[in-house]
Amino acid sequence: MNRPFLLCLATFAYGASLFAADEDYVPGPDAMVKEGVPQGKVTQHTWKSGIFPGTERDYWIYVPAQYDGSKPACLMVFFDGGGFVSEKGAFRAPTVFDNLIHAGDMPVTVGVFVNPGVIPPAKEGQEPRKNRSFEYDTLSDQNARFLLEELLPEVGKSVKLSANPDCRGVCGNSSGGIAAFTVAWERPDSFRKVVSHIGSFTNIRGGHVYPALIRKTEPKPLRVFLQEGENDLDNLHGNWPLANRQMEAALKFAKYDHHLVMGTGKHSGRHGGAIFPDTMRWIWRDWKTLQP
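All of these numbers come straight from a predicted model, not from anything done at the bench.

What counts and what doesn't
- Residues numbered from 1 in each chain as written.
- Predicted model: local features only at pLDDT ≥ 70, side-chain atom pairs only at ≥ 80, totals over all residues.
- Heavy atoms only, no water.
- Helix = DSSP H or I, 4+ residues; strand = E, 2+ residues; numbered from the N terminus.
- Rg over C-alpha atoms; globule rule 2.2 N^0.38 Å.
- Contact = heavy atoms within 4.5 Å.
- Expected span 1.5 Å × (residues − 1).
- Buried < 20%, exposed > 50% of the residue type's maximum accessible area, 1.4 Å probe, protein only.
- Polar contact = N/O pair within 3.5 Å; in protein donor to acceptor, adjacent residues only side chain to side chain.
- Core = buried A, V, L, I, M, F, W, Y, C linked by side-chain atoms within 4.5 Å.
- Lys, Arg positive; Asp, Glu negative; His and termini not counted.
- Salt bridge = Lys/Arg side-chain N within 4 Å of Asp/Glu carboxyl O.
- Phe/Tyr/Trp six-rings, centres within 6.5 Å; stacked < 30°, edge-to-face > 60°.
- Lys NZ or Arg CZ within 6 Å of the ring centre and 35° of its normal.
- Pairing = 2+ DSSP bridges.
- Right-handed = clockwise from strand over helix to strand, strands pointing away.

Draft legend 1. Structural detail: the overall build of the protein chain. Helix and strand counts for the protein chain stand at ten helices and twelve strands. For 292 residues, the compact-globule estimate of 2.2 N^0.38 gives 19 Å, and the C-alpha radius of gyration of the protein chain, at 18 Å, lies within 12% of that figure. Here the C-alpha coordinates of the protein chain stretch approximately 55 × 45 × 40 Å along the principal axes. Considering only residue pairs separated by 6 or more positions, the protein chain has 77% of its internal contacts joining residues 24 or more positions apart.

Draft legend 2. Representation of helix α6 (residues 175–186) in the model. Here α6 spans 16 Å end to end across twelve residues, near enough to the 16 Å set by a 1.5 Å rise per residue. Counting buried positions over the twelve residues of α6 gives eleven, a clear majority of the element. Looking at α6, one finds that the buried residues are Ser 175, Gly 176, Gly 177, Ile 178, Ala 179, Ala 180, Phe 181, Thr 182, Val 183, Ala 184 and Trp 185.

Draft legend 3. Region of the structure containing the side chain of Ser 49. With respect to the helices and strands, Ser 49 occurs in the loop between β1 (41–48) and β2 (56–63). Of the residues examined, Ser 49 reaches a relative accessible area of 7% and is grouped as buried. A distance of 2.9 Å separates a polar atom in the side chain of Ser 49 from the backbone nitrogen of Phe 52. Contacts of Ser 49, omitting those with residues within four sequence positions, involve Gly 54, Thr 55, Arg 57, Phe 146 and Glu 150.

Draft legend 4. Representation of the environment of Asp 22 within the structure. Along the chain, Asp 22 falls in the loop between α1 (3–14) and β1. On the basis of relative accessibility, which here comes to 6%, the residue Asp 22 falls in the buried class. For the pair formed by Asp 22 and Ser 268, sequence separation is 246 residues and the distance between their alpha carbons is 7.9 Å. Aside from chain neighbours lying at most four places away, what touches Asp 22 is Gly 265, Lys 266, Ser 268 and Arg 270.

Draft legend 5. Quick peek at the nonpolar core. In this structure, Val 77, Phe 79, Leu 147, Leu 152, Phe 181, Phe 191 and Ile 214 are the most contacted members of the largest nonpolar core, which totals 47 residues. If you look at the next biggest cluster of nonpolar residues, it comprises 28 residues, including Trp 60, Met 76, Leu 100 and Met 106.

Draft legend 6. Structural context of unusual backbone geometry. Even without being glycine, Asp 80 reaches a positive phi, approximately 50°. The backbone of Ile 198 sits at a positive phi, close to 40°, despite the residue not being glycine. Note that Ile 198 resides in the loop between β8 (193–197) and α7 (210–216). Judged by its relative accessible area of 3%, Ile 198 falls in the buried class.

Draft legend 7. Expanded view of helix α10 (residues 276–283). With eight of its eight residues buried, α10 lies for the most part within the structure. Taken together, the buried positions of α10 are Phe 276, Pro 277, Asp 278, Thr 279, Met 280, Arg 281, Trp 282 and Ile 283.

Draft legend 8. Quick peek at the side chain of Asp 137. The topology assignment puts Asp 137 in helix α4 (residues 132–137). In this structure, Asp 137 is buried with no salt-bridge partner, the nearest side chain bearing the opposite charge being Arg 205 at 4.9 Å. A polar atom in the side chain of Asp 137 sits 2.9 Å from the side chain of Ser 175. In this structure, Asp 137 is in contact with Arg 132, Ser 175, Ile 178, Ser 200, Ile 204 and Arg 205, ignoring residues within four places of it in sequence.

Draft legend 9. How the structure looks around the environment of Phe 52. Position of Phe 52 relative to the elements: it lies in the loop between β1 and β2. With residues near it in sequence (within four places) discarded, Phe 52 still touches Arg 57, Asn 131, Phe 134, Glu 135, Gln 142, Asn 143 and Phe 146.

Draft legend 10. View of the environment of Val 118. As for its position among the elements, Val 118 is in strand β5 (residues 118–119). On a C-alpha basis, the gap between Val 118 and Phe 52 in space is 9.6 Å, while along the polypeptide they are 66 residues apart.

Draft legend 11. Examining the packing of aromatic side chains more closely. A complete count under the given rule lists 16 aromatic pairs for this structure. Cluster of aromatic residues (ring-pair linked, three or more members): Tyr 62, Phe 78, Phe 84, Phe 91, Phe 97, Phe 113 and Phe 276. One Lys or Arg, Arg 215, reaches over the ring of Phe 253 and ends 5.0 Å from the middle of that ring. Here the basic side chain of Lys 220 rests over the ring of Trp 185, its NZ or CZ set 3.9 Å away from the ring centre.

Draft legend 12. Broad picture of the pairing of β8. Among the five residues of β8, five are classified as buried, and the element is accordingly described as predominantly covered. Across the two faces of β8 the burial is the same, with Lys 193, Val 195 and His 197 and Val 194 and Ser 196 all buried. Pairing of strand β7 (residues 168–173) with β8, which is carried by five bridges, proceeds in the parallel orientation. By the bridge assignment, Asn 173 is partnered in β8 with His 197. Assessed by its sense of winding, the connection that carries the chain from β7 through α6 to β8 is right-handed. Relative to strand β9 (residues 223–229), β8 is paired through five bridges, and the arrangement is parallel. Following the sheet pairing, Lys 193 is matched in β9 by Arg 223. One crossover worth recording links β8 to the parallel β9 by way of α7, and it is right-handed.

If you want it as structure tokens, here you go:
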């Protein structure tokens with residue numbers, strides 16, 4: 001077993017004890033631009049959806065410097081993408097990808113960062129109507145269909161994306177975290193890697209049923225990473241730390257390839273961002289055996 005992976009496991013095992021509060025979680029060196037590391041290109045776009053009628057949204061495409069079009073690239077989709085693509089956010093995913101791809105810790109991977117849809121105001125001066133909870137918290141195949149039938153074919157016009165589901169992952173925070181799991185749960189033929197930070201596996205729109213479904217359903221070929229904080233939400237929808245522990249217990253019972261990292265954080269992206277490079281190392285740990 002190689003040293004970076006051992007360090008990755010050490011971070012997961014002991015990371016929670018290294019931090020006292022949510023504010024102490026900060027991006028590490030792999031989230032910083034490094035001299036001599038080629039930088040990928042990020043472009044911003046908009047999309048009007050037919051699967052979510054009347055909605056429009058921003059999305060960003062990250063293409064690594066190492067992509068030359070000679071073969072398909074692996075893929076990671078990020079919900080609430082604007083937060084993940086930000087150069088000053090908790091995750092700084094394009095910079096992390098630059099550094100990890102350059103180091104050989106993950107494959108050449110295209111990032112698609114998509115915001116939830118909004119319905120434009122009917123009259124001037126009104127606020128747009130947010131569609132986030134419907135898109136992310138609903139247990140259905142609609143969000144997967146949005147990716148597979150609308151957005152990714154559009155992305156595929158400019159960059160070759162791997163069709164191998166083991167080369168394709170989905171990531172999100174909070175409701176975006178349960179959305180990531182739902183996409184892979186509904187379409188494991190297309191996505192098999194899931195990263196959920198502070199995932200809302202609670203009863204916002206029925207997501208609390210997942211632990212029972214996991215236990216009673218034939219296991220699906222998914223690799224699932226969960227991050228949660230001891231001081232996360234406890235409200236009318238449920239208890240976030242308890243819900244994520246229930247998910248971990250169900251995944252363990254059903255013998256899924258999974259990992260849960262519990263920290264001391266609140267309902268924020270700080271902890272997930274601090275460990276994000278090691279999360280990517282874990283989720284892509286066997287990438288050299290894959291055929292894009």
